[in-house]
Amino acid sequence: MEQQKKWKVVAARPGQNAVVLNIPADVCVLHRLIKGKIIITRPVTDDTAVLCGRYDGSDDMRPNRAWYGEDCSIRDVYHGTIVCIGQRNGDSGFSSLTDAETALYLMLYGKPGIH
């Protein structure tokens, strides 16, 4: 029996510490985590993405984490659950975070709140 491919991601819900998850390599799983249409942002590296949902004002879309610009000022605020995932140049889709990328996202988004 073939083992299902997994993606290692960092997920952060509003008001909660971020967690490392190994999820099935399926965009539908990402939609369920984010609870809707996926918006792709690239605030950190060209090889990774931070996924979030479209802000709709619901309780699930409370302010979550800040998105910082190169000058370290707050550029925007993520609402709802965010998922940090690999997205390598040349890949047609998503991929697992490396150990170094996982550590970086846990450092950036590990604690809840807008800092």
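Residues numbered from 1 in each chain as written. Predicted model: local features only at pLDDT ≥ 70, side-chain atom pairs only at ≥ 80, totals over all residues. Heavy atoms only, no water.

Draft legend 1. Quick peek at the packing of aromatic side chains. Applying the stated criterion across every chain yields a total of 4 aromatic pairs. Aromatic pair Trp7 and Phe94: ring centres 5.9 Å apart, planes at 80°, arrangement edge-to-face. Of the two residues, Trp7 sits in strand β1 (residues 6-12) while Phe94 sits in the loop between β7 (82-86) and α2 (99-109), which places them 87 residues apart along the sequence. By relative accessible area, Trp7 is classed as buried at 6%. We classify Phe94 as buried; its relative accessible area is 14%. Centre to centre, the rings of Trp67 and Tyr78 are 5.6 Å apart; their planes meet at 5°, and the pair counts as stacked. Of this pair, Trp67 sits in strand β5 (residues 63-68) while Tyr78 is found in strand β6 (residues 74-79), placing the two residues 11 residues apart along the sequence. We note that Trp67, like Tyr78, is buried. Among the aromatic residues, ring-to-ring pairing joins Trp67, Tyr78, Tyr105 and Tyr109 into one connected group. (Phe/Tyr/Trp six-rings, centres within 6.5 Å; stacked < 30°, edge-to-face > 60°. Helix = DSSP H or I, 4+ residues; strand = E, 2+ residues; numbered from the N terminus. Buried < 20%, exposed > 50% of the residue type's maximum accessible area, 1.4 Å probe, protein only.)

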